[in-house]
Amino acid sequence: MRADFLRSIAFLAIGLISTELIEAGPVEVFRIGGDNWGDVVPDGKEVDAIHGDFVLRNDHVVAVVAQPLATRNANMTTHAVGGCLIDYTTRLHPADQLTAYYPGSRVYPFRSVRLRNAAHESLEFDDRNTFSDEQAIELTMIAPGAEDRAEMLVTYRLEADSPHLIVRQTFRNSGKSEVDVLLSDDLRYDAGKEDSIKAANGKSDLFYTDDRYWGQAYGVSIPGRTVTSRSDSRTSVLRYGRGSRQPDVTLKPGEQYSLEVNLLVAGNTCTLRNLHASTHDDTPVASTITITGGGRRIPNARVELTRDGDYYGTLWADGSGRIDQKLLQGDYALAVSFCGVPVGASYPFEVSEESALIDLEVPLEVGTLEIDVDGADGTPLPCKVELRRRGESTPLDLGPESAIRQVKNLLYLPRGKENILLPAGDYEAIISHGPEFDAAFMDVAVKADGTTRLTAQLERTVDTTGWVSTEFHSHSSPSGDNTSHQMGRVLNLLCEHLEYAPCTEHNRIDTYAPHLKTLKIEDLLATCTGMELTGKPLPLNHQNVFPLKHHPGQQDGGAPVTDDSPETQLQRVALWDDRSEKVVQQNHPDLGWLFYDKNGDGVKDEGHAQSFPYIDCIEIHPPSAVLKIPADLDGSTAIPNSNRVFNWLQLLNQGYRFTGVVNTDAHYNFHGSGGLRNWVKCSTDVPSEIKTDEIVEQVTRGCVIMSNGPFLTVEARPAGQSKGNPVLPGGEFACPDGKVALAISVQCPNWFDIDRVFVLANGKHVPELDLTREKNADMFGDGAVKFRQTLNHEFPADTHLVVVAAGENSQLGSVLGTGWGSQQPTAISNPIFVDVDGNGFAANNDVLDDGLPVKQQ
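Residues numbered from 1 in each chain as written. Predicted model: local features only at pLDDT ≥ 70, side-chain atom pairs only at ≥ 80, totals over all residues. Heavy atoms only, no water.

Let us look at the overall build of the protein chain. For the protein chain, the helix and strand inventory stands at eleven helices and 53 strands. Considering only C-alpha atoms, the protein chain reaches an extent of 95 × 75 × 50 Å along its principal axes. Intrachain contacts of the protein chain at a sequence separation of at least 6 include 70% that bridge at least 24 residues. The positive charge centre, built from 75 side chains, and the negative charge centre, built from 119, are 2 Å apart in the protein chain. (Helix = DSSP H or I, 4+ residues; strand = E, 2+ residues; numbered from the N terminus. Contact = heavy atoms within 4.5 Å. Lys, Arg positive; Asp, Glu negative; His and termini not counted. Charge placed at Lys NZ, Arg CZ, Asp CG, Glu CD.)

Cis geometry marks the peptide bond from Leu538 to Pro539, where omega comes out at 0°. Take Pro539: it is sitting in the loop between β38 (531-534) and β39 (542-546). Cis geometry is adopted by the peptide bond preceding Pro622, which originates at His621 and carries an omega value of 5°. If you trace the backbone, Pro622 turns up in the loop between β41 (617-619) and α9 (644-653). Positive phi is not limited to glycine here, since Arg106 has a value of about 70°. Along the chain, Arg106 falls in the loop between β5 (100-103) and β6 (112-117). Backbone geometry places Asp849, a non-glycine residue, at a positive phi of 55°. The topology assignment puts Asp849 in the segment after β53 (832-835). By relative accessible area, Asp849 is classed as partly exposed at 33%. (Buried < 20%, exposed > 50% of the residue type's maximum accessible area, 1.4 Å probe, protein only.)

On to helix α3 (residues 269-278). Of all the ten residues making up α3, nine are buried; the element is thus mostly covered by neighbouring parts of the structure. As for α3, its buried residues are in contact with β15 (207-211), β16 (216-221), β20 (256-266), β23 (302-307), β24 (310-316) and β25 (322-327). The distance from a side-chain oxygen at the start of α3 to the backbone nitrogen of Cys270 is 3.0 Å, and the residue carrying that oxygen is Asn268. (Polar contact = N/O pair within 3.5 Å; in protein donor to acceptor, adjacent residues only side chain to side chain.)

In spatial order, the strands read β45-β47-β50; together these three strands make up an open sheet with antiparallel pairing. Strands with a single pairing partner mark the edges of an open sheet, and in this sheet they are β45 (711-718) and β50 (785-794). Going across the sheet, the axis of each strand differs from the next one's by a mean of 15°, ignoring polarity. Both strand β47 (residues 739-747) and β50 contribute to a ladder of nine bridges, which runs antiparallel. If you follow Ser745 over to β50, its bridge partner there is Arg788. (Pairing = 2+ DSSP bridges. Axes fitted to C-alpha atoms, helices over the stretch in contact; angles between N-to-C directions.)

Counting residues in hydrophobic clusters, the biggest one holds 56 residues, and the most contacted among them are Leu85, Tyr88 and Tyr156. A total of six residues in this core trace back to one element, the largest contributor, which is β20. Discounting residues that sit within four places of it in the chain, Leu85 has contacts with Ala63, Val64, Val65, Leu98, Ala100, Tyr101, Tyr156, Leu165 and Leu263. One finds Leu305, Cys339, Leu387 and Leu458 within the second-largest nonpolar core, a separate group that totals 55 residues. (Core = buried A, V, L, I, M, F, W, Y, C linked by side-chain atoms within 4.5 Å.)

Spatial ordering of the open sheet is given by β33-β29-β36, a layout of three strands whose pairing is mixed. The two strands at the open ends of the sheet, each matched to only one other strand, are β33 (417-423) and β36 (451-458). Taken pair by pair, the neighbouring strands of this sheet meet at an average axis angle of 25°, ignoring direction. Bridging between strand β29 (residues 366-375) and β33 involves seven bridges; their strand directions are antiparallel. Pairing of Leu369 across the sheet is with Ile420, part of β33.

Right, let's get into empty space enclosed by the protein. Using the criterion set out here, one finds four cavities of 30 Å³ or more in the structure. If you add up the space inside the second largest cavity, you get close to 60 Å³. If you trace the second largest cavity, you find it lined by Leu85, Tyr88, Leu98, Tyr101, Leu187, Tyr218, Gly219, Val220, Leu263 and Leu264. A total of three residues in the lining of the second largest cavity trace back to one element, the largest contributor, which is β16. (1 Å grid on protein atoms, 1.4 Å probe; cavity = no way out; pocket = protein on both sides within 12 Å on 5 of 7 lines; lining within 4 Å. Points joined across faces, edges and corners; volume = space filled by probe spheres on them.)

Our next topic: the pairing of strand β32 (residues 410-413). Consecutive side chains along a regular strand alternate between the two faces of the sheet. The two faces of β32 match: Leu410 and Tyr412 on one face and Leu411 and Leu413 on the other face are all buried. When strand β30 (residues 383-389) meets β32, the two strands line up antiparallel, connected through four bridges. Note that in β32 the partner of Cys383 across the bridge is Leu413. Pairing analysis gives two bridges linking strand β31 (residues 406-407) to β32, with the strands arranged antiparallel. Paired with Val407 across the two strands is Leu410, which belongs to β32. Adjacent in sequence and paired antiparallel, β31 and β32 are bridged by two residues, among which Lys408 carries a positive phi angle near 55°.

Here the focus is the side chain of Glu496. Along the chain, Glu496 falls in the loop between α4 (486-495) and α5 (513-519). Residues within four places of Glu496 in sequence aside, it is in contact with Lys384, His433, Gly434, Pro435, Ser673, Gly674, Arg677 and Leu816.

Let's shift gears to the environment of Ala74. Tracing the backbone shows Ala74 in the loop between β3 (61-65) and β4 (85-90). For the pair formed by Ala74 and Ala100, sequence separation is 26 residues and the distance between their alpha carbons is 8.1 Å.

Now for α4. Within α4, ten of the ten residues are buried, which leaves it mostly tucked inside the rest of the structure. Regarding α4, the residues found buried are Gln486, Met487, Gly488, Arg489, Val490, Leu491, Asn492, Leu493, Leu494 and Cys495. As for α4, its buried residues are in contact with β30, β32, β34 (425-432) and α5. In the stretch just after α4, His497 is the one whose phi turns positive, near 60°.

With that settled, consider the pattern of salt bridges. Per the stated rule, a full pass over the model turns up 43 salt bridges. In this structure, Glu28 engages Arg57 in a salt bridge whose closest nitrogen and oxygen atoms are separated by 2.9 Å. Placement of Glu28 in strand β1 (residues 27-31) and of Arg57 in strand β2 (residues 54-57) is noted, with a sequence separation of 29 residues between them. The partly exposed category is assigned to Glu28, whose relative accessible area is 22%. Of the charged contacts, one joins Arg239 and Asp248 as a salt bridge, the two residues approaching to 2.6 Å between their closest N and O atoms. If you follow the salt bridges from partner to partner, you end up with Glu138, Arg157, Glu159, Arg168 and Glu260 in one network. (Salt bridge = Lys/Arg side-chain N within 4 Å of Asp/Glu carboxyl O.)

Let us now look at a negative patch on the surface. Together, Asp308, Asp310, Asp331 and Glu350 give the surface a local cluster of negative charge. Tracing the chain through its elements places Asp331 in strand β26 (residues 330-338). (Patch = residues over 30% accessible without salt bridge, like charges linked within 9 Å, V, L, I, M, F, W, Y side chains within 5 Å. Areas by Shrake-Rupley, 256 points an atom, 1.4 Å probe, with all protein chains shown as cover.)

This brings us to the pairing of strand β51 (residues 799-806). Burial analysis of β51 places eight of its eight residues in the buried class, which makes it a mostly covered element. In this structure, strand β48 (residues 756-761) lies alongside β51, joined through six bridges in antiparallel fashion. Paired with Arg756 across the two strands is Ala806, which belongs to β51.

What follows concerns the packing of aromatic side chains. Summed over all chains, the structure comprises 19 aromatic pairs. Their ring planes at 50° and their centres at 5.1 Å tell us that Phe595 and Tyr656 sit as a pair that is tilted. Of this pair, Phe595 sits in helix α8 (residues 591-596) while Tyr656 sits in the loop between α9 and β42 (659-661), placing them 61 residues apart in sequence. Classification of Phe595 as buried rests on a relative accessible area of 1%. (Phe/Tyr/Trp six-rings, centres within 6.5 Å; stacked < 30°, edge-to-face > 60°.)

Inspection of the entire model under this criterion finds zero disulfides. A disulfide-free cysteine, Cys528 has its sulfur positioned 8.9 Å from the sulfur of Cys503, the nearest such atom. (Disulfide = S-S within 2.5 Å.)

Turning next to the confidence of the model for the protein chain. Scored by pLDDT, the protein chain has a mean of 94; 97% of the residues are at 70 or more. When the criterion is pLDDT under 50, residues 3-22 qualifies, and its contacts beyond four places in sequence or with other chains add up to 39 contacts. (pLDDT = per-residue confidence, 0-100.)

To continue, consider the side chain of Glu505. Among the structural elements, Glu505 can be located in the loop between α4 and α5. Nearest to the buried, unbridged Glu505 among oppositely charged side chains is Arg489, at 6.7 Å. A polar side-chain atom of Glu505 sits 2.8 Å from a polar atom in the side chain of Gln486. Setting aside its immediate chain neighbours within four residues, Glu505 contacts Ser474, His475, Ser476, Pro478, Ser479, Gln486, Asp510, Met531 and Glu532.

Spelled out as structure tokens, the structure:
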């Protein structure tokens, strides 16, 4: 089921379209700039084009070749792409899934470019950075030779009537001694979390990759040669010669050698094979497959084909349950699935010289589920709907973890409404909108050949007035280390009721604004541009920073570059944009390494001290780690260096005031965002009115509550004083007699609970302020308000107070999936600083009966 990925009529007909039926227009080449960006850059979640790159296109395909610069990187994990093909897709169904095609397997640094027409006449761009030719255009990237390396010329040739690129590779020996040449290319195509398949390792006349869900297949072939491939989930190494690491060609001085590679692209592998077969004069046959179950056609049925026992391709039925696809002659078998559920057995059929008509009846009954979710006021509510098949071992699989609206068995509904065709049967539906709302747990029976309504009203039972929920660290495909659609990340954030979330892709300043506009949810989710600057050494040198100025079309969005010195990198990004105000967040740090062990030798030193003035906040997740700190710190229990909550408490005792934050670092969209959040004090509860400047100010100040679900508030005053505003987390107040009143409130929705509230004073438990539902039942409630008490205690000296609320004996549960859902509900306040002696708060330097941490070994 791919309802979040539009299947146009043109795409459904792609298998029947014959290139000779399309009157060929001219071939065009463009130099990408601000004036033509929207017209020439293709669509697809893996697009990495920037200004200065080259676009080749005809009526069939569009290709982006990166400008030949040493500094040209596609993303954080795809480097040195100058002269390489980085985006490639069809014009009929643009859905770029290519990360990079490296001619010569990354051996040859391309540094100059040449442009010619079909007559091999040199071309120059006009004022519009464009040129066209009625026959063909050749874009040649040149890598100079070296003493032990041939010169390499890679010519991307696109002909007016061709459905694919031809890549001519020429190796020249301009030196004085022999040079060896390996005939090899690299293809970077990330498939680890996708519904994707690559050709088996070994020899074949066509290497292919096939993304069945996003509908994009790539092929590599060389007329008269086989391709020897070796693939992992990211990269395929393609050899065209001996198939080993021995040289394929040895060039004497003055000699040269050339070969041509066909780079194919299509909406599915069946069409890709047809394109490949056309070079052998094989003619595909028009074929029609119809899928019927329970007396009706089955739209969006998935059909996987094998030919002579080998995988051949995957096709999807259109809205009428029909597939039109040209197929080569031969003996086939097909397997049908629907919503990830296999249907029936393998069905054989034959394609002969005449058209093939396959009318298949499968043992499947389907029905429509009409979902309508509102808030308590009756207005549509964004929500996450999880559908679990009762009594069935095979779960729904509506799309891969990278998808947008339908992810595995989840639906992300920006307006709370959806009509979806499902296998008939009994389901459990879990409907939620983050931890400020009650969730609905409902049984629903999807009726065969009918419509079943699923309606719910989710009540906002947790009152967070004056606080907004935020997520400061998540990713999608532009980061380069995952393939999640960025719009899917935005929907994930929205439906989990995150109200403010900067865009924080790895090493690229980016924005969610276009997705918010497309989804028409600008009023529901506040955002800003930002990034995560990810350098070495890992995992130390990671910093999230927002807001930053976004420069569309520039490499990395105009972001700063990394540095091998964490201190230099952190200072660079903190001072970026003319020292503008921003949040600099140290991500998932090894705190011992950062603060006490700069060289990582396990011996305490000054740490990366030049970084400290520039850090505003530090990630200390998971919050439930606080429950692993013993109530009696007597030195008998060693706390692991990996317990960031404990290390953060030690930092506070050393006088470092860094705001603690927790974030998901979500990379995929299946229960990705939502498992951790920060509630930040804010003057408005309306997302469209949230100002980034205020978020920056409050985070820097420390007015933040960290949580994986429970909503905790803490207010402090001198005991007996009722006038004036209370002191909130991050604040400091004078309390000459040391008598403090702490007003603590904890709220939860109906899907998890807390059973303990305790206070840490300078990082240590206060026995009188360690309260449990078992021992202090009268202090805990059973409604949304789980705890609301004012606790009084006298502190003899300056003390920072951190309040924790937790469900020690429970888990967050099924609303958040098996990952986040296995956590104990936990919320942690940032510290309130109590000045008892009247000389300003002074840290006590207590190491909490444990040594200060050093680098984790």
